[in-house]
Amino acid sequence: MDFNDTPEEAAYRAKARAWLAANAPKSGASQDPLADEDPNGLAAAKAWQAKKAAAGYACITWPKEWGGPGGANWQAQIFTQEEANYATPGNPFQIGLGMCVPTIMTCGNEPDKQRFVGPALRGEEIWCQLFSEPSGGSDVAASRTRAVRPPDGSGDWIINGQKVWTSGAHYSDFGILICRTDPDVPKHKGLTMFWVDMHDPAIDVRPIHQMSGASGFNEVYFTDLRVKDSQRVGAVGDGWRVSLVTLMNERNAIGGGASYHRQVMDLASSVATLAGSGIKDAALREKVADWYVQAEGLRLTRLRTQTALSRGQTPGPEASIGKLVTAPLMQDVANTAVELEDQFGVINDPSVAPLSALFQATLMSAPGMRIAGGTDEIMRNIIAERVLGLPQDVRVDKDVAFKDIPTGR
Amino acid sequence: MNFDFSDDQKFLKSEARKFLEGRCPTSKVRAVLDDPARSYDADLWSEVAAQGWLGTTIPEAFNGLGLGHLELCVIAEELGRALAPIPFASTVYFLTEALLMAGSDAQKQVWLPRIAAGEAIGCFAAVERPGPLTEAQVQATVIGGKLSGTKLPVTDGGIADVAVVLAKEGGRPGLFLVDLRSGGVTREPLSTLDPTRDAARLIFAGAAAERLGEPAEGMALAEALLERAAVLLAFEQVGGADRALEMAKEYALSRYAFGRPIGSYQAIKHKLADMYVKNELARSNAYYGAWALETGASELPLAAASARVSACEAYWHAAKENLQTHGGIGFTWQMDCHLFYRRAQQLGLVAGGAKAWKERLVTQLERRNAA
């Protein structure tokens with residue numbers, strides 16, 4: 001047990017460090033994937049991705065036949081660690097490179113792979129994932145967006161419906177879209193996946209004003225969008241299986257964050273409570289310890305995962321706990337810190353509030369963290385079912401034709 | 001990056017599991033629980049000695065195996081999983097560690113070979129009153145090499161041959177080694193939450209005491225000893241917590257209510273998912289403690305506190321929610337749930353409770369932040 005690199009790892013790290021020192025931007029935009037993406041940030045992000053791609057540091061594990069560097073998982077891990085030391089631009093490619101394009105690589109046809117993988121890797125084209133709907137967030141297979149073939153013999157599909165919570169749809173070039181193609185069979189069997197051009201005028205993207213004030217998500221409306229049959233990803237009716245390929249990557253693509261225990265301690269030291277300095281408050285100290293062991297436990301769990309990768313093994317299921325730990329932790333930290341400020345805590349003006357209103361901002365973004373990319377409840381289901389082997393939830397809609405499934409209001 | 005046990009260490013772990021599954025099923029734990037005359041399993045103790053485990057970290061020169069603390073950690077995890085009713089922690093994590101840390105050559109020569117052979121059981125006698133261990137609570141006194149005072153509770157105090165005692169000499173705390181077979185020692189058994197582990201009140205009236213380490217460094221030595229024990233105990237706790245989760249899972253799959261396995265209800269699934277998360281965090285924190293212990297890293301005080309806090313939280317949660325998952329049957333004497341519930345408390349308190357360790361953790365963080 002040691003935290004040192006093997007000679008091979010050390011050599012790779014040194015090379016990556018040297019390259020980053022020479023090339024990484026010294027300052028950049030926010031890394032919060034739920035935050036607004038300003039146009040300048042987007043341009044900077046694209047430039048940085050192109051630079052990494054040219055040097056073989058983008059999508060390090062992607063196979064050479066698609067223009068990827070064909071590297072190992074441990075190399076990707078090391079580069080990510082080193083890159084984190086720089087203020088690199090936000091990452092609008094995460095969903096495309098982490099989920100959408102891998103789906104094309106696994107399930108798409110040959111011309112699509114030739115067409116899309118390279119530009120995505122170089123940051124020239126951004127992808128979004130069009131899965132969630134107003135009537136189906138956790139229950140993605142309940143998608144109602146319809147794709148039907150017009151009787152004109154073209155083989156094309158006409159798509160109508162609405163998606164929601166689509167991260168980055170407003171700056172994406174392409175999207176993968178799951179549609180209902182057969183409502184007469186049970187819900188999992190009547191779905192088909194397509195890729196769509198987000199610049200098509202039949203697609204209307206409307207940003208969602210989040211409670212945090214930011215707008216990272218969108219509603220996406222499809223009105224008589226016509227797509228070629230060649231834009232189908234996988235077989236007709238096989239969309240659920242294709243979507244699982246996408247979602248399998250989701251847990252890994254959405255990582256955890258910082259714990260802020262240091263910032264809370266600094267804040268507490270600067271606040272006088274009725275019992276003296278805030279940092280002497282016994283209840284706060286207990287909480288700091290609780291947060292620390294969670295954040296530290298998560299950091300160390302990632303090192304276990306990295307060890308498995310380093311040994312050429314498949315990481316164990318421990319990798320699935322990250323978001324479920326981090327999101328509620330952030331919410332609790334933020335709430336406690338705001339409470340520590342007492343009446344002052346209500347102020348969220350960064351020029352007035354302590355730590356530039358870090359905790360007020362965290363408090364207002366934390367609910368989104370607990371929902372995006374799988375709610376706390378869905379993450380618990382995933383752990384219970386896939387890790388512990390407990391039965392799936394009872395599904396009363398399993399053998400019912402989609403059109404006959406009760407929908408509430 | 002190599003943050004995992006080696007293949008050899010994993011092999012040792014799987015061998016330990018096989019051995020304990022054969023020699024220490026819960027029926028053996030219950031035999032101690034149900035017989036007021038027994039406070040440990042002497043046969044298992046001999047068998048464990050024969051495996052060499054008692055000498056894991058004892059140098060070969062003293063008839064030990066001369067292995068490291070990582071090997072001891074994997075054995076600890078399996079002992080915790082099996083609820084082994086033996087004085088392993090008292091003897092190996094406290095007595096042996098104290099001797100290795102502060103013992104003179106002569107003291108090592110006397111005790112380490114006997115420990116390795118299973119001929120000497122140890123205990124750590126520090127606490128005298130309710131509340132966390134502080135200098136103020138130490139009233140036991142050594143004058144002219146004779147110890148007087150009362151210590152309770154002393155885990156394994158009723159069966160130990162030798163005690164590591166925290167007592168004042170010239171007004172300052174020191175650590176002392178006391179042969180409990182000599183005169184001036186009275187032991188009274190104590191009833192505890194976990195009768196599968198021995199506990200006693202030790203009353204010293206002029207018992208011969210040899211100083212362990214330098215005079216007046218008793219508190220520092222005791223703290224260091226507790227840090228080392230905290231890491232090793234964390235592995236026992238992680239082992240127990242994992243077994244409690246397994247029990248809950250097995251029951252949730254086999255027990256039907258309202259026409260379905262109870263494990264298909266989200267109330268149970270989410271409960272078990274939370275147990276899994278806490279157990280994994282505790283495991284990772286324990287691994288870091290193991291690394292710090294093995295390498296003597298300066299991170300040990302913080303790593304040990306994290307391992308301790310995380311393990312206490314995980315085991316308590318797993319033990320109580322395993323019992324809850326079992327419903328009414330889980331509350332009966334016949335089910336094993338309460339064995340884990342009891343042991344979670346015993347391990348959670350024996351080296352100081354989580355509340356005090358959280359304070360130590362934050363103190364360490366303050367030091368680190370100030371550095």
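Keep in mind the model is a prediction, meaning the values are calculated, not measured.

**Concerning the overall build of chain B**
Regarding its fold elements, chain B presents 11 helices and nine strands. Against the compact-globule benchmark of 21 Å for 371 residues, chain B has a radius of gyration of 20 Å, which places it among compact chains. Classification of the 371 residues of chain B by burial places 57% in the buried group. Taking the intrachain contacts of chain B between residues at least 6 apart in sequence as the baseline, contacts between residues at least 24 apart amount to 74%.

**Thoughts on the confidence of the model for chain B**
Averaged over every residue, the pLDDT of chain B is 97; the share at 70 or more is 100%. Across the predicted assembly, pTM comes out at 0.92 and ipTM at 0.95.

**Focus on helix H11 (residues 358-369) of chain A**
Count 3.6 residues to each turn of an α-helix, and residues three or four apart come out pointing the same way. With 12 residues, H11(A) ought to run about 16 Å at 1.5 Å a step, and its terminal C-alpha atoms sit 16 Å apart, in line with that. Along H11(A), nine of the 12 residues are buried, which leaves the element largely enclosed by surrounding structure.

**Considerations on the domain arrangement of chain B**
Residue and element names in this part refer to chain B. According to the domain assignment, chain B consists of domain 1 (7-116), domain 2 (122-216) and domain 3 (219-370). With centres defined by C-alpha atoms, the gap from domain 1 to domain 2 works out at 22 Å. Listed by partner, the interface residues are 18 residues for domain 1 and 19 residues for domain 2. Contributions of two or more residues to the side of domain 1 that touches domain 2 are made by helix H2 (26-34), helix H5 (88-102) and helix H6 (105-116). Of all the elements, H5 adds the most residues to the side of domain 1 that touches domain 2, at six residues.

**Looking at the interface of chain B and chain A**
In this assembly, 39 residues from chain B lie in contact with 38 residues from chain A. Broken down by secondary-structure element, the contributors of at least two residues to the side of chain B that touches chain A are helix H7 (218-254), strand E9 (260-261), helix H8 (266-295), helix H9 (300-326) and helix H11 (354-370) of chain B. Among the elements that make up the side of chain B that touches chain A, the one with the highest residue count is H8(B) (17 residues). Residues belonging to the side of chain B that touches chain A are distributed by class as follows: 21 nonpolar, 10 polar and eight charged.

**Comments concerning the nonpolar core**
B:Ala163, B:Val164, B:Val165 and B:Leu272 are the most contacted members of the largest nonpolar core, which totals 171 residues. Sort the elements by how many residues they give to this core and H7(B) lands first, with 19 residues. Setting aside residues no more than four positions away along its own chain, B:Val165 makes contact with B:Ala125, B:Ala140, B:Leu147, B:Lys151, B:Phe176, B:Val178 and B:Ala209. A:Ala16, A:Met99, A:Cys107 and A:Val220 belong to the second-largest nonpolar core, a separate cluster that totals 53 residues.

**Things to note about the domain arrangement of chain A**
One can read the domain layout of chain A as domain 1 (7-92), domain 2 (127-252) and domain 3 (255-371). For domain 1 of chain A versus domain 2 of chain A, the distance between C-alpha centres works out to 29 Å.

**Brief notes about H5(B)**
In this model, H5(B) (15 residues) spans 20 Å end to end at C-alpha, consistent with the 21 Å of a helix rising 1.5 Å per residue. Buried residues dominate H5(B), accounting for 13 of its 15 residues.

**Some thoughts on the pairing of strand E5 (residues 191-197) of chain A**
All names here are of chain A. Here E5 lies mainly inside the structure; six of its seven residues are buried. Pairing between strand E4 (residues 174-180) and E5: seven bridges, direction antiparallel. Its bridge partner lying in E5, Ile-176 is registered against Trp-195.

**Comments concerning the packing of H8(B) against H9(B)**
Between two packed helices, the angle of one axis relative to the other and the distance separating the axes together describe the packing. Residue and element names in this part refer to chain B. The N-to-C vectors of H8 and H9 enclose an angle of 155 degrees; their axes lie 8 Å apart at closest approach. When the interaxial angle is binned, H8 and H9 end up roughly antiparallel. In this structure, H8 meets H9 at a crossing whose hand is left-handed. When the residues that make up the contact of H8 with H9 are grouped by side-chain class, the tally is 15 nonpolar, seven polar and four charged.

**Digging into the packing of helix H9 (residues 282-310) of chain A against H11(B)**
At a minimum axis separation of 9 Å, H9(A) and H11(B) run at an interaxial angle of 80 degrees. When the interaxial angle is binned, H9(A) and H11(B) end up roughly perpendicular. Packed against H9(A), whose contacting residues are A:Arg285, A:Glu286, A:Val288, A:Ala289 and A:Tyr292, the element H11(B) presents B:Lys358, B:Glu359, B:Leu361, B:Val362 and B:Leu365 at the interface. Classifying every residue of the contact of H9(A) with H11(B) gives six nonpolar, no polar and four charged.

Scoring rules and cut-offs
- Numbering of residues begins from 1 in every chain and follows the order in which that chain's sequence is written.
- Think of it this way: whatever chain is written first is A, whatever ligand is written first is 1, and the rest follow in order.
- Given that this is a predicted model, residues contribute local features only at a pLDDT of at least 70 and side-chain atom pairs are listed and counted only at 80 or more, while totals for whole chains, interfaces and linings are drawn from all residues.
- Strands are runs of DSSP state E lasting at least two residues, helices are runs of H or I lasting at least four, and both sets are numbered from the N terminus onward.
- Put simply, the radius of gyration uses C-alpha atoms, and a globule should come to 2.2 Å times the residue count raised to 0.38.
- Exposure criterion: with C-beta atoms placed from backbone coordinates, a residue whose C-beta has 20 or more other C-beta atoms within 10 Å is buried, one with 12 or fewer is exposed, and one in between is partly exposed.
- Each residue gets a C-beta atom placed from its backbone, and two residues are in contact if those atoms lie within 7 Å.
- Each residue gets a pLDDT score, which is the predictor's confidence in that residue and runs from 0 to 100.
- A helix is expected to span 1.5 Å for every residue after the first.
- Per the annotation, domain bounds derive from an automatic or database assignment of domains.
- Classes in brief: Ala, Val, Leu, Ile, Met, Phe, Trp, Tyr, Cys and Pro nonpolar; Asp, Glu, Lys and Arg charged; the others, Gly included, polar.
- Here, a nonpolar core means buried Ala, Val, Leu, Ile, Met, Phe, Trp, Tyr and Cys residues linked by C-beta atoms lying within 7 Å of one another.
- Here, a strand pair is defined by DSSP locating no fewer than two bridges between the strands.
- Axes here mean lines fitted to C-alpha atoms, for a helix over just the part in contact, with angles spanning 0 to 180 degrees between N-to-C directions.
- An angle counts as roughly parallel when it lies under 35 degrees, as roughly antiparallel when it exceeds 145, as roughly perpendicular when it falls between 65 and 115, and as oblique in every other case.
- The crossing is said to be left-handed when, going from far helix to near helix, the turn is anticlockwise and less than a right angle, and right-handed when the turn is clockwise.

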